[in-house]
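Report on the structure
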Amino acid sequence: MVNKIFILGILFLIFILSFQINAQEEITDISSEEFTYSGEGVEVIDGKIGCKTGIDNCKIEIISKIGGEKINLELNQYSKYDPISGKISVTESGGEFSLNGNDFKNIKSGEILLDQKTGKITKADFYTNENTGNYNLNGNEFKVPANSRFIYDPKKGYELADGTEITSLNS
């Protein structure tokens, strides 16, 4: 009897794990000749990817068919991703996301532009909320004070608010 329960438990566990592995599905609405998008807990509205209603966090995987890096993006319900422009938008305070494991929290509003082939951030313009934010942009790390604006433009460089700390800088 104990062996049967043990075997049934293992079979149930295998079933649950196989369901979780297959939960990420291709987002055919927006996949193209250049990129394949797959996601878990996502929906496409007006061409932008966001979390389904009632889901706090969702995952997106971007794969370039022309070579390049696989990009992992996790959003919460207050952030959206535009696959045409590569823009990550935070629409409300409390919006946050993770890009290849780098967290972007405590953002009130703003946008970050992503190179979908490399996963590098090509532009950023956002405001922190009432909390300090720690951000990693392409290996450069910053501690941005609460209620501050952070701007990165490759042509102009970084525009840092008073009190911003540079905690790590690439050569």
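Note: the structure precedes this text.
An account of the accompanying structure is given in this report. (Residues numbered from 1 in each chain as written. Predicted model: local features only at pLDDT ≥ 70, side-chain atom pairs only at ≥ 80, totals over all residues. Heavy atoms only, no water.)

With respect to the pattern of salt bridges
- Enumeration according to the criterion identifies 4 salt bridges in this entry.
- For Lys87, the salt bridge goes to Glu111, with nearest N and O atoms at 3.6 Å. One end of the pair, Lys87, is in strand S8 (residues 87-90); the other, Glu111, is in strand S10 (residues 102-114), and 24 residues separate them in sequence.
- You can call Lys87 partly exposed: its relative accessible area is 29%. (Salt bridge = Lys/Arg side-chain N within 4 Å of Asp/Glu carboxyl O. Helix = DSSP H or I, 4+ residues; strand = E, 2+ residues; numbered from the N terminus. Buried < 20%, exposed > 50% of the residue type's maximum accessible area, 1.4 Å probe, protein only.)

Focus: the sheet that holds strand S12 (residues 133-137)
- Strand order in the open sheet formed by 3 strands is S12-S13-S16, with antiparallel pairing between adjacent strands. Among the strands making up the open sheet, the edge pair consists of S12 and strand S16 (165-168). Across the sheet, the axes of successive neighbouring strands diverge by a mean angle of 25°, strand direction being ignored.
- As judged from the 5 bridges shared by S12 and strand S13 (residues 140-144), these two strands associate in the antiparallel manner. Residue pairing across strands places Tyr135 opposite Phe142, the latter belonging to S13. (Pairing = 2+ DSSP bridges. Axes fitted to C-alpha atoms, helices over the stretch in contact; angles between N-to-C directions.)

Quick notes on unusual backbone geometry
- With a phi close to 55°, Asp46 is a non-glycine residue in the positive phi region.
- With respect to the helices and strands, the residue Asp46 is situated in the loop between strand S3 (42-45) and strand S4 (48-51).
- Take Asp46: its relative accessible area is 73%, and that puts it in the exposed class.
- One non-glycine residue with positive phi stands out, namely Asn106, at about 60°.
- As for its placement among the helices and strands, Asn106 is situated in strand S10.
- Accessibility expressed as a relative area gives 25% for Asn106, which makes it partly exposed.

Remarks on the side chain of Ser64
- For Ser64, the position within the fold is in strand S5 (residues 57-64).
- Relative accessible area serves as the criterion here: at 8%, Ser64 is assigned to the buried category.
- Side-chain polar atoms of Ser64 contact the backbone nitrogen of Ile66, separated by 3.3 Å.
- Within polar-contact distance, the side chain of Ser64 engages the backbone oxygen of Gly67 at 2.6 Å. (Polar contact = N/O pair within 3.5 Å; in protein donor to acceptor, adjacent residues only side chain to side chain.)

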